[in-house]
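# Working through the structure, step by step
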Amino acid sequence: MKNIYLICFILVYLPLNAQIQYFGQNKPRYKTFNFRVAQSPHFELYHYFENLKVATEVLQKAEKWHTKYEYLLRFSLKKTNPIILYNNVIDFQETRAVNSGIGEGTSGITESFKNRIIFPIQFTTKQTEHVLAHELVHAFQYQLFEQSDSLHSENLQSLPLFLVEGLAEYLSLDKNYFHTEIWLKDAVLYNNFPTIDALVEQESKYFPYRWGHAFWIFFAEKYGNHQIIPFLAEYSQNGAKKAFAKILHTDTEKFSEEWQKRISLKYGSLNKNKIPEGINLTEHSNKLGILYSPTLSPNGQYLAYIAAHHQSEQALYVSDAITGKVLNKFTQASLGKKVDAINFVETSGCWSPDNRKFALIVQSNGKNKLCIIDIQDKSKHLLSIAASDVIANPSWSPDGNELVFSGLNNGESDLFCYNFREKTCKNITNDSFSDTQPVWSVDGKSIIFVSDRASKSSERQQLTICQLNLSNEQIDIFPLLKSADNTQPQAFGEYIYFLSDFGDSRNIYRFKPKNMATTIEKLTKFDTGIIGTSPYAPVFSVAQKSGKIAYILFQNHQYDIYLTAIEDLEKNIISKNIATTIPLPPTSDITPLAHIITHGYYKTKFKLDYLGNSGIGINASRWGTGLGGGLIGLFSDMLGNNQISAIATLNGELQDFGAQIQYLNQKKPLQWGLSLARIPYRFSDYSKIVSYQNNPSLRNQYNILSNDSLIQSTSYLHRLYINQVGLFGTYPLSKSRRLEFGASFNWYHYSGTKYVDYYKNTSNNNQNIFIASKKPEKISTAELEELGYTPFSLKQIYLAYVGDNSVFGNTAPIKGHRYRLEFSQYFGNFAQNSLTLDYRKYFHWQPFTLATRAYYFGRFGATNDNNYNKLYPMFVGYPWYMHGYWGNALRKQTSTLQLNENYLRGTKMALANIEIRLPITAEKHQGFINFPAIKSDFNIFVDFGVAWAKKQAINSESLSLYPTTSNSAHPLMSIGSGIRLNFFNYIIVEPFVAFPIYDNKIRQAIGGINFLVPGW
Ligand SMILES: [Zn+2]
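These figures come from a predicted structure and were not determined experimentally. (Residues numbered from 1 in each chain as written. Predicted model: local features only at pLDDT ≥ 70, side-chain atom pairs only at ≥ 80, totals over all residues. Heavy atoms only, no water.)

### Focus: the side chain of Asp414
Following the sequence through the fold, Asp414 ends up in strand S19 (residues 412-419). Arg453 is the oppositely charged side chain nearest to the buried, salt-bridge-free Asp414, at an N-O distance of 5.9 Å. At 3.3 Å, the side chain of Asp414 forms a polar contact with the backbone nitrogen of Asp431. Not counting chain neighbours up to four residues away, the residues in contact with Asp414 comprise Phe405, Ser406, Gly407, Asn427, Thr429, Asn430, Asp431, Phe433 and Asp435. (Helix = DSSP H or I, 4+ residues; strand = E, 2+ residues; numbered from the N terminus. Buried < 20%, exposed > 50% of the residue type's maximum accessible area, 1.4 Å probe, protein only. Lys, Arg positive; Asp, Glu negative; His and termini not counted. Salt bridge = Lys/Arg side-chain N within 4 Å of Asp/Glu carboxyl O. Polar contact = N/O pair within 3.5 Å; in protein donor to acceptor, adjacent residues only side chain to side chain. Contact = heavy atoms within 4.5 Å.)

In structure tokens:
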């Protein structure tokens, strides 16, 4: 099970993938940004904020953290480090600085080519600063490894993630962080404390961010911050064993023991969480994946939550809050084709006061929208909010007329109120503080929310509960539990309920706003706590009219939803402002200088990202044939809007020089590119003809005696050259749909060289002795044409509409659909048109998948019938179409004359395939056997196929490619079963047994293996 934690990416290799694929999902760019540049002593900030204050503040903070890290690590950035800042997470997901897709749960990236730190502004200043500080550690890590004489950036890759990410968490969060403490306590309580070896080997089990943070806290306490760099350097070069021995004078086992002892001593007296009575939805989290943002309907009847197995499969579940039974499920695909994603990690949805509708935050067309779902008739409606591109945590007013939510504009989050009747949206907290997680008071006269407006220093932006009175716009601030974050307010009766991370746990508290929070009551006594995968994840909901409570408890390494009632919770009065957690190290002692910051505009400048050897070989793509091996260079500008890749190869002589250069422009929603290539092929390599020469003048020339013979050896070398110009474009309509178009021009011509050598064969010892070589001769064009090597050209244009929202399982898609409609036209020597209609739909009933495909491919409109199938013959028996009609399988049948191969050829073909897929080996919980190295599926298939040609083609004598035996098409079928094996996600192999069926007879079983063909 993959977990969605808030993480950052460290990217080490970014392949330039300009090649458009047959299927696949898109990374749309909905907006075009006008970037500016701001410069400080150590950083270069790329941003598009009109308000330069945002850029200035981020740079000041970056310099402040630089000063701190310089002090702690005794190392400073020598190179100006680029930072690319986005207005919000949706714009960030459109970044071109990295090619891979960015999903929800990624809050920042630091990549290896240009060391760019890429991140968006978050809903609170505190979050934004943490992301910046965390990513900045990665920039230090990259520069440290680049600048060292003995280290290289490859050494950084050899470090386990817990050291790399853990250090970023340790330096950016300091020592006391409740989230990490909760994980440590849970490990002690449930006896699940990892050793160093386990942290290295089981990254998916021991989340590297929390455990890495804990590791470095212990490390620094025992050995000091000054040992961090020496330890990392030693570890990256010589491994764990040497690093622990040489730098720490211990070994991993002793270190693990000591670490565990220390933590056990600290938390040994804890007891397992006592859970108040109620319903426990543990089985749901076992079955559905991690559960997010539980939200109770106001009457307490329904519970809505999001479950995510992995990112592409999130769904909204509505369940009965009494029994826990799931009543409804809404997948992302079911919300309509305009919806790119559901947002759920740090936002919840909300119920209408009549308990009938649920408003969910989704991404559509490059911004957040509210998807309002009627739970009864299942109708859906997308509501656009013009006031802000990103919104979070909506709350429906008790009278049903308004929605309040948090929005983010120009680097500041504010609360917005949307009126359904007037269709207007108003900013109700228009100031520089961070405001989020709003809810309506029970009487609908005020808004209760979370803000950093209580904290005075900019160092630690403590979050606490505030209340905005809508009639006089006055804001009350409730300091509540100091030096802790007080968040996620809920209103019921006279009380405000909230979560606080006071005392390194996370529990539910309440207070009466009328008393201005003089008395605080604690309602739960968990030692771990109510927390999700991120401290900002909504994990707590109170039904405003019934007092029911839903919350997510982290325990025994799992996030489970519990349901109970407020009346069943014990209330313990605590005096407020009691002793706080241990103070932070004196980072504020290091006074940052007011750095000089300059502003300017962005100019495109290409810089080399990567230069090296690519794999060997030539690849075939839809643009014809391309070079796949040789020297490869990637260039791009800072923002990744323009990318150039170039490959050059030289195998043999100068004529064999091949090169391909590709340009890609991704600045605007329409992405386009251009490619130029010269590709040489050598064939008939030195094919030899040997002959005896009796020409007297020639014999005289080489002084051949009359008893000896003169042997002439003639070799030929032929070359085919393809010169190619391609233009391609793609216009993503959403993550799953796109328009594609392209044109390619290919010129094919040949050359030939004749090599002649002479040998003498002496009669006495019958030995061939080399005498001389003639100067290599160029073969004339006429001679080449005689051999059939006539130059030709191929020109093609095409247009396609492609959809793909499928989810890939072990070896093939298991959910969703894919389709491709393509029209293409060839000009020149092979003029003709073709049409492809390909539709696939996948039905998933855990653990089974029913896969279906309907396919049509037709060629028509040729000026000369010879042109059809001359270049790429149409053949319905290819293994990616049908089982049992290819290679040996076909040979067996044709040799017994059961099947005429021509039945499988034509100018048009159609297919229908049905397959049942069952996972056998897979990652844990996804198959019967936990064996992720070789994933496999067992399949049962039924294939139908037919190929036919138009009548005149059949009668034409010259067209031996088409059926000549009959005027009618022969439908073919095969049934059988097979196993697809996915070796290390590298190659897929499919052994199978099929029973071909044709001419109304089931034929003998045929075994075969399909290679390199992932399931359709
Ligand atoms: Zn990171």
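Now that the structure is up, let's keep going.
### Quick notes on the sheet that holds strand S22 (residues 446-451)
Strand order across the open sheet formed by four strands is S21-S22-S23-S24, with antiparallel pairing between neighbours. The outermost strands of the open sheet, each flanked by one partner alone, are strand S21 (435-440) and strand S24 (475-478). Put simply, the sheet's adjacent strands are angled 25 degrees from each other on average, direction ignored. Pairing between strand S23 (residues 464-469) and S24: four bridges, direction antiparallel. Bridged to Ile465 within S24 is Phe478. (Pairing = 2+ DSSP bridges. Axes fitted to C-alpha atoms, helices over the stretch in contact; angles between N-to-C directions.)

### Observations concerning the sheet that holds strand S8 (residues 290-296)
Within the open sheet, the four strands sit side by side as S8-S9-S10-S11. Their pairing is antiparallel. Only two strands of the sheet have a single neighbouring strand rather than two, namely S8 and strand S11 (326-331). Across the sheet, the mean angle from the axis of one strand to that of its neighbour is 20 degrees, orientation sign disregarded. Judged from the five bridges that link them, S8 and strand S9 (residues 302-308) form a sheet pairing that is antiparallel. Residue pairing across strands places Tyr292 opposite Ile306, the latter belonging to S9.

### Thoughts on the state of the cysteines
By the definition in use, this model includes zero disulfides. Summary of cysteine pairing: Cys371 is not part of a disulfide, and the nearest cysteine sulfur, belonging to Cys350, is at 12 Å. (Disulfide = S-S within 2.5 Å.)

### A few points about the nonpolar core
Trp211, Phe215, Trp216, Phe231, Trp259 and Leu360 are the most contacted members of the largest nonpolar core, which totals 139 residues. Beyond its immediate stretch of four places on either side in the chain, Trp259 contacts Phe193, Pro194, Ile196, Leu199, Trp211, Ala214, Phe215 and Phe218. (Core = buried A, V, L, I, M, F, W, Y, C linked by side-chain atoms within 4.5 Å.)

### Describing the pairing of strand S20 (residues 424-427)
With four bridges connecting them, S19 and S20 associate as antiparallel partners. Along S20, the bridge assignment pairs Cys417 with Lys426. The antiparallel pairing of S19 with S20 creates a hairpin that spans four residues between the two strands, and Lys423 there sits at a positive phi of about 55 degrees.

### Some words on the packing of aromatic side chains
Tallied over the full model, the rule gives 73 aromatic pairs. For the ring pair Phe215 and Trp216, a centre distance of 5.1 Å and an interplane angle of 80 degrees mean the geometry is edge-to-face. For the residue pair Phe215 and Trp216, the accessibility class agrees, reading buried in each case. Ring geometry for Phe843 and Trp845: centres 6.2 Å apart, planes at 10 degrees, overall stacked. For the cation-ring pair, Lys78 lies above Phe75, with the distance from its terminal atom to the ring centre recorded as 4.6 Å. The ring of Tyr495 carries the charged tip of Arg510 above its face, separated from the ring centre by 3.7 Å. (Phe/Tyr/Trp six-rings, centres within 6.5 Å; stacked < 30°, edge-to-face > 60°. Lys NZ or Arg CZ within 6 Å of the ring centre and 35° of its normal.)

### What about the packing of helix H8 (residues 208-223) against helix H10 (residues 252-267)?
Their axes nearest at 11 Å, the elements H8 and H10 cross at an angle of 95 degrees. With respect to their mutual orientation, H8 and H10 come out roughly perpendicular. Here Trp211, Ala214, Phe215, Phe218, Glu221, Lys222 and Tyr223 of H8 come into contact with H10, specifically with Phe255, Glu258, Trp259 and Arg262. Of the residues belonging to the contact of H8 with H10, the class tally is seven nonpolar, no polar and four charged. (Parallel < 35°, antiparallel > 145°, perpendicular 65-115°, else oblique. Nonpolar A, V, L, I, M, F, W, Y, C, P; charged D, E, K, R; others polar.)

### Structural notes on the environment of Ala321
Relative to the assigned elements, Ala321 resides in the loop between strand S10 (315-320) and S11. Each C-alpha atom of the pair Ala321 and Ile279 lies 8.5 Å from the other, and the pair is 42 residues apart in sequence. Excluding residues that lie within four positions of it along the chain, Ala321 makes contacts with Ile279, Leu296, Gly300, Gln301, Tyr302, Leu303, Lys548 and Leu563.

### Things to note about helix H5 (residues 161-173)
Helix length check: H5 (13 residues) gives 17 Å between terminal C-alpha atoms against 18 Å at 1.5 Å per residue, within 8%. With twelve of 13 residues buried, H5 lies mostly within the body of the structure. Along H5, the residues classified as buried are Phe162, Leu163, Val164, Glu165, Gly166, Leu167, Ala168, Glu169, Tyr170, Leu171, Ser172 and Leu173. Positive backbone phi, at 65 degrees, marks Asp174, one or two positions downstream of H5. (Expected span 1.5 Å × (residues − 1).)

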